[in-house]
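# Structure at a glance
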Amino acid sequence: MRKADPPGRNVLWRAVGGQRRDVVLGAVLGMGHQTGEALVPVLIGLAIERGVVDGDIPGLLLWLLVLAAVYVGLSFSFRFSARAGERAAVTAAHHLRTALVGRVLAPEGGAEEGRLPGELTNIATEDAKRVGAVAMALIVAFAATAGLVVSAVALLRVSLVLGLLVLLGTPLLLWLGHLLSKPLERRSETEQDRAAQASGVAADLVAGLRVLKGIGAEHAAVARYRRVSQDSLAATLRAARAEAWQNGVVTILTGAFIALVALVGGRLAARGDIGLGELVSSVGLALFIVGPLSEFAWINAELAQGRASAARIAEVLDAPGAVPAKGSAAAVPPTGVQGRLTLRALTHGPLRGVDLDIAPGETVGVATTDPADATALLRCLGRHTDPDDGTVELDGTDLTTLGPDDVRAALLVAEHDADLFEGTVLDNVTAAIGTTAIGTTAPTGATSAAADTGTEGTAVPAHVTAAMVASGTDEVARALPDGVHTAVTARGRSLSGGQRQRVALARALAADAPVLVVHEPATAVDAVTETRIAAGIRDVRGGRTTLLVTNSPALLAVTDRVVLLHEGRITATGDHEHLVHERADYRTAVLT
């Protein structure tokens, strides 16, 4: 039975194979450079034989000219070989980063499970760089091998004993170097894993710095990072010790081998078996092969680290999707979606046999006594996971038969903790336009076909303006120095919590999805703004299916009806006022 390939081998093959043109070019030029370097001692020996031993001045000048030409050739070959190698390494790393980002952002998800954002960032940067460096290591390996082969052939011409010594001793040294790289490979994998964890924790702490300061948890956060950072430091030191030990042992073995070659050459010259020029060539070649042999120590270290990083990259690229990437049913264009949403015996996580039928154009509120119920419902509606049992249907079509992209083009889930991105306020609001129903009629509340809410006179589409007004983002824009053209930093940290929440809601409304699910969109705003947002959502979403998953009385009051999720089941249905008067559990959920 064929033994399974180690994890990451395919990643290495694809990374290097994708740059085969530059790798081959760099290898050929590198081999030319090392061949020229190996010929230098030979040419010097010939010049000495002609000029010193034989007294042939024209012959001496001829070989000196040949030597100069070889130096010019090896200089240019080194320059262009290094350029091709760097291009191959950088391009391979870039393609890996692109593949990793594509996998993390893939509609089916799954790659981010169990990994912090900082850890994924470390894999996409440091690990991709190390795998890309394998291309350069292979070029150097081919070049160093060529140098050793040419040196061995030259020594064979001088002396059979010297040539055989190099031909037999070099493979033995390479094999020992490979064995010595195994501990480094294992420790490099651990080092990268610990470094990624430290990066993930650091990114997590920075993202929540404002919250940590608010609850006075700075010391606990620092202690947590210190523990993870110390683990990373310890792993790095272990890997550094393994690399230093490998390099030291290889250097000792290489030095002993070179000394043996020089000793044998010296004894042959003393016996008169080789001439003065041949002795000079032999000693020069013995000194030259120190370089290629030393390169192999570096090559083994690079390959060990590259294999470890490739294994980590393979874990992300090969991570199973949370849901299937393709659906079995044909997608319905967003413009053809009626908006009937049906839950039949939906069971997932804490949800137990949830049945709910939402008519096209209806606005329904979902109040929960346990936030976990809301989270499970949102994951099923957004196709981030498939139900354990039961179905979620859109216009009679089971969502599990549609691809994730097709589902999200028709049914948009705007989660409570949605992030903003670098750009302007307007860039964030319009980020989802083009992924949902574009070109539909302007929603109710649009005041004109090209209203202007900015400070630079840029016309904003009517439905975007309506979304900004409905969410209260127009007030946010008026409070900012450049209106909707004000720059927003990563994750919206330059805005307050309430401002971020309103911009995120405006983005969801501006997407103009046939079915919109909104989760707690107004928890960080005051009561007056919350009431205005509730009315705005009702107006903008008039005639289209909307599900408000919230315990906010102001938002629930504008819905057509409300369902109460308690212990994973729907226990009550009715309008907000009726449930407030009739259900104690509902009052507990939304009024306390």
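Residues numbered from 1 in each chain as written. Predicted model: local features only at pLDDT ≥ 70, side-chain atom pairs only at ≥ 80, totals over all residues. Heavy atoms only, no water.

### Focus on the overall build of the protein chain
Threshold: A helix here means a DSSP run of H or I that spans at least four residues, while a strand means a run of E at least two residues long, and both kinds are numbered starting from the N terminus. The buried label goes to any residue with under 20% of its type's maximum accessible area, the exposed label to any with over 50%, and the partly exposed label to all in between, with areas taken from a 1.4 Å probe on protein chains only. Only heavy atoms matter for contacts: two residues are in contact if any of them lie within 4.5 Å across the pair. The protein chains shown are the only cover counted for residues, whose accessible areas, like all others here, come from Shrake-Rupley with a 1.4 Å probe.
Counting its secondary structure elements, the protein chain contains 19 helices and 14 strands. Within the span of the protein chain, comprising 592 residues, buried residues form 47% of the whole. Long-range contacts, defined here as pairs at least 24 residues apart, represent 77% of the contacts in the protein chain between residues at least 6 apart. Summing over all exposed atoms, the protein chain offers an accessible surface of approximately 27600 Å²; the carbon and sulfur share of this is 60%.

### Concerning the packing of aromatic side chains
Aromatic rings in a pair are described by how distant their centres are and how their planes are angled relative to each other. Condition: Aromatic rings from Phe, Tyr and Trp, taking only the six-membered ring of Trp, are treated as a pair when their centres fall within 6.5 Å; an angle between ring planes under 30 degrees marks them as stacked, one over 60 as edge-to-face, and anything in between as tilted.
Scanning the entire structure with this criterion turns up one aromatic pair. Relative to F80, the ring of F76 has its centre 6.5 Å away and its plane inclined at 15°; by these criteria the two rings are stacked. Residue F76 and its partner F80 are both found in helix 3 (residues 57-104); the two are separated by four residues, about one turn of the helix. Given the relative accessible area of 44%, F76 is considered partly exposed.

### Concerning the nonpolar core
In plain terms, the rule: Only buried residues count toward a nonpolar core. Its members are Ala, Val, Leu, Ile, Met, Phe, Trp, Tyr and Cys residues joined through side-chain atoms within 4.5 Å.
If you look at the biggest cluster of nonpolar residues, it comprises 38 residues, and the most contacted ones within it are V429, V464, L509 and I537. Counting residues per element, the ones that place at least two in this core are strand 6 (411-414), helix 12 (425-429), helix 13 (462-471), helix 14 (473-479), helix 15 (497-510), strand 11 (515-519) and helix 16 (527-540). A per-element tally of this core places helix 15 first, with seven residues. Residues in contact with V464, not counting those within four places in the same chain, are L426, V429, T430, I433 and A510.

### Side note on the pattern of salt bridges
In plain terms, the rule: What makes a salt bridge here is a side-chain nitrogen of Lys or Arg within 4 Å of a carboxyl oxygen of Asp or Glu, nothing more.
Within this structure, the stated rule accounts for 13 salt bridges. Note that D127 is salt-bridged to R312, the shortest N-O span being 2.8 Å. Here R312 lies in helix 9 (residues 290-317) and D127 lies in helix 4 (residues 117-158), a separation of 185 residues in the sequence. Of the two residues examined, D127 and R312, each falls in the buried class. For R383, the salt bridge identified is with D386, shortest N-O distance 2.6 Å. Look at R383 and you get buried, because its relative accessible area is 1%. Overlapping salt bridges bring together D474, E475, R478, R502 and R532 as one network.

### Thoughts on the sheet that holds strand 12 (residues 545-549)
As a reminder of what qualifies: The criterion for strand pairing is that DSSP finds at least two bridges linking the strands in question. Axis angles are defined between N-to-C directions and span 0 to 180 degrees, where every axis is a line fitted to C-alpha atoms and, for a helix, only to the segment in contact.
Spatially, the six strands line up as an open sheet ordered 6-11-12-3-13-14, and their pairing is mixed. At either end of the open sheet lies a strand with only one pairing partner, and these are strand 6 and strand 14 (569-574). Adjacent strand axes in the sheet meet at a mean angle of 20° when their direction is disregarded. Pairing of strand 3 (residues 363-368) with strand 12 involves four bridges; the strand directions are parallel.

### What to know about the environment of A124
Along the chain, A124 falls in helix 4. Along the chain, A124 and R312 lie 188 residues apart, while their C-alpha atoms are 10.0 Å from each other. Residues in contact with A124, not counting those within four places in the same chain, are R97 and L100.

### Comments concerning the packing of helix 1 (residues 9-17) against helix 4
Applied cut-off: Left-handed describes a crossing in which the near helix is turned anticlockwise from the far one by less than a right angle; the clockwise case is right-handed. Ten residues, namely Ala, Val, Leu, Ile, Met, Phe, Trp, Tyr, Cys and Pro, are considered nonpolar, four, namely Asp, Glu, Lys and Arg, are considered charged, and the remaining ones, Gly among them, are considered polar.
The contact between helix 1 and helix 4 brings their axes to 9 Å, and the two run at 60°. Considering only the axes of helix 1 and helix 4, their crossing is right-handed. Only V131, V134, A135 and L138 of helix 4 make contact with helix 1, whose side of the interface consists of V11, L12, A15 and V16. Looking at the contact of helix 1 with helix 4 residue by residue, the class counts come to eight nonpolar, no polar and no charged.

### As for helix 9
What counts here: Expected helix span is taken as 1.5 Å per residue step, with the number of steps being one fewer than the number of residues.
Here helix 9 contains 28 residues, and its C-alpha end-to-end distance of 40 Å stays within 8% of the 40 Å for a straight helix at 1.5 Å per residue. Among the 28 residues that make up helix 9, 20 are buried, leaving the element largely enclosed by the rest of the structure.

### Thoughts on the confidence of the model for the protein chain
The cut-off we apply is this: Each residue carries a pLDDT score, the predictor's confidence in it, ranging from 0 to 100.
On average, residues of the protein chain carry a pLDDT of 83, and 86% of them reach 70 or more. Confidence over residues 434-457 falls short of pLDDT 50; this stretch has 48 contacts with residues more than four positions distant or in other chains.

### Here's the deal with the environment of V518
As for its placement among the helices and strands, V518 is situated in strand 11. Sequence spacing of V518 and V549 is 31 residues, and the spatial spacing of their C-alpha atoms is 6.0 Å. Leaving out residues up to four positions away in the same chain, V518 has contacts with A414, L505, L547, L548 and V549.

### Remarks on the pairing of strand 3
Taken residue by residue, a regular strand's side chains alternate between the two faces of the sheet. Among the six residues that make up strand 3, six are buried, leaving the element largely enclosed by the rest of the structure. Alternating residues of strand 3 divide into T363, G365 and A367 and V364, V366 and T368, and every residue in both groups is buried. Relative to strand 13 (residues 561-566), strand 3 is paired through five bridges, and the arrangement is parallel. Bridged to V366 within strand 13 is V563.

### Digging into helix 16
Counted only if it meets this: This arc describes the spread of directions from the helix axis toward the C-beta atoms.
The end-to-end C-alpha distance of helix 16, which contains 14 residues, comes to 20 Å, matching closely the 20 Å that a straight helix rising 1.5 Å per residue would cover. Here helix 16 has its buried residues at T529, E530, I533, A534, G536, I537 and V540. The arc that holds the buried residues of helix 16, viewed along the axis, is 165°, so those residues lie on one side. Opposite the packed face of helix 16, turned more than 90 degrees from it, sit the exposed residues A527 and V528. Elements that come into contact with the buried residues of helix 16 comprise helix 13, helix 15, strand 12 and helix 17 (553-556).

### What about the sheet that holds strand 4 (residues 389-394)?
Each strand in a sheet pairs with its neighbour through backbone hydrogen bonds, running either in the same direction (parallel) or in the opposite one (antiparallel). In spatial order, the strands read 2-1-4-5; together these four strands make up an open sheet with antiparallel pairing. Of all strands in the sheet, those bounded by a partner on one side alone are strand 2 (351-358) and strand 5 (397-398). Sitting on the sheet, helix 10 (residues 371-381) is in contact with strand 1 (341-348), strand 2 and strand 4, with an inclination near 120° to strand 1.

### A word on a nonpolar patch on the surface
Keep this limit in mind: By definition, no residue in a patch forms a salt bridge, and every one has over 30% relative accessible area; like charges are joined within 9 Å, nonpolar side chains (Val, Leu, Ile, Met, Phe, Trp, Tyr) within 5 Å.
A grouping of L160, L164, L167 and L168 is seen on the molecular surface, where their side chains present a nonpolar patch of about 400 Å² in accessible area. With respect to the secondary-structure elements, L160 resides in helix 5 (residues 160-207).

### Quick word on the pairing of strand 13
In terms of burial, strand 13 is largely enclosed, as five of its six residues are buried. Bridge analysis of strand 13 against strand 14 gives five bridges, and the strand direction is antiparallel. Among the inter-strand pairings, H566 is bridged to a residue of strand 14, identified as R569. Count of turn residues in the strand 13/strand 14 antiparallel hairpin: two residues, of which E567 carries a positive phi of about 55°.

### A look at the packing of helix 15 against helix 16
Worth spelling out the cut-off: In this scheme, roughly parallel covers angles under 35 degrees and roughly antiparallel covers those over 145, while 65 to 115 is roughly perpendicular and the rest are oblique.
The interhelical angle for the contact between helix 15 and helix 16, taken along N-to-C directions, is 5°, at an axis separation of 12 Å. Classified by the angle between their axes, helix 15 and helix 16 sit roughly parallel to one another. In contact with R502, L505 and L509 of helix 15, helix 16 contributes T529, I533 and I537. Residue composition of the contact of helix 15 with helix 16, grouped by class: four nonpolar, one polar and one charged.

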